[in-house]
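Residues per chain, in single letters:
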Amino acid sequence: MKPVIIPIENKYADAIIDLVLNIQQKEFNVAITLEDQPDLLNITNFYYASGGGFWGAFVNDELVGTIALVKFSDHEAAIRKMFVKKEFRGKEFSIAQQLLQTLIDYCKENQIDDLYLGTVSILEAALRFYERNEFERIEKEALPKSFPVMSADNVFCHLPLKK
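Computed from a predicted model, the values in this text were never measured in an experiment. (Residues numbered from 1 in each chain as written. Predicted model: local features only at pLDDT ≥ 70, side-chain atom pairs only at ≥ 80, totals over all residues. Heavy atoms only, no water.)

Within the protein chain one finds four helices and seven strands. For 163 residues, the compact-globule estimate of 2.2 N^0.38 gives 15 Å, and the protein chain sits close to it at 15 Å. In terms of overall dimensions, the protein chain has a C-alpha envelope of 40 × 35 × 30 Å along the principal axes. Counting over 163 residues, the protein chain shows a buried share of 46%. Look at the contacts in the protein chain between residues 6 or more apart in sequence, and 63% of them connect residues 24 or more apart. (Helix = DSSP H or I, 4+ residues; strand = E, 2+ residues; numbered from the N terminus. Rg over C-alpha atoms; globule rule 2.2 N^0.38 Å. Buried < 20%, exposed > 50% of the residue type's maximum accessible area, 1.4 Å probe, protein only. Contact = heavy atoms within 4.5 Å.)

Glancing now at the pairing of strand 3 (residues 62-73). Burial within strand 3 is extensive, with nine of its twelve residues counted as buried. Where strand 2 (residues 53-59) lies against strand 3, seven bridges are found, and the strand directions are antiparallel. The residue of strand 3 that forms the bridge with Gly 53 is Leu 69. Counting the residues between successive antiparallel strands, the hairpin from strand 2 to strand 3 contains two residues, one of them, Asn 60, with a positive phi of roughly 50°. The sheet contact formed by strand 3 and strand 4 (residues 76-84) spans seven bridges and is antiparallel. The residue of strand 4 that forms the bridge with Gly 65 is Val 84. (Pairing = 2+ DSSP bridges.)

With that settled, consider the packing of aromatic side chains. Scanning all chains against the criterion turns up eleven aromatic pairs. Seen in terms of ring centroids, Tyr 47 and Phe 54 are 5.2 Å apart; in terms of plane orientation they differ by 75°. Their pairing is edge-to-face. For Tyr 47, a relative accessible area of 0% gives the class buried. Seen in terms of ring centroids, Trp 55 and Tyr 106 are 5.3 Å apart; in terms of plane orientation they differ by 65°. Their pairing is edge-to-face. Here Trp 55, found in strand 2, pairs with Tyr 106, found in helix 3 (residues 95-109); they are 51 residues apart in sequence, far enough to count as distant. (Phe/Tyr/Trp six-rings, centres within 6.5 Å; stacked < 30°, edge-to-face > 60°.)

Taking 1.5 Å per residue as the helical rise, helix 3 with its 15 residues ought to reach 21 Å, and the 21 Å between its terminal C-alpha atoms agrees with that figure. Among the residues trailing helix 3, Gln 111 stands out with phi positive, at a value near 55°. (Expected span 1.5 Å × (residues − 1).)

Written as structure tokens, this is what we have:
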């Protein structure tokens, strides 16, 4: 059951919102609403217009995972909206790994040299996943000035892509 990973845009907004809000609110009790995430209502303008992207993982035509990239300077970008449905997590499916690799490949093809992310400390498994993928935790003060900080984020990571 290999997932199909494709770039997705506004026509998938309902499925994306359903996936993201269920994981944030119901699974992890993160106090965040759709109103706090207007990007989900206009993926094309928010992610693609600046040179980023938004990818979805589908299994049997069902959206089971997402990852997004916000390009905030010529050579820097931030990972956003990395979510995988509970039933599809883990090494058995490797959906998170495939989504991350798709995003990293895109970065390398588009001269994005530094990848950053912000998350919440409650998402421990996600943090371990990023650390396994060579992301290093950094202090908020070490973020580039133009990094788009989300209000809920309290842990930040960096991955240099140019070695």
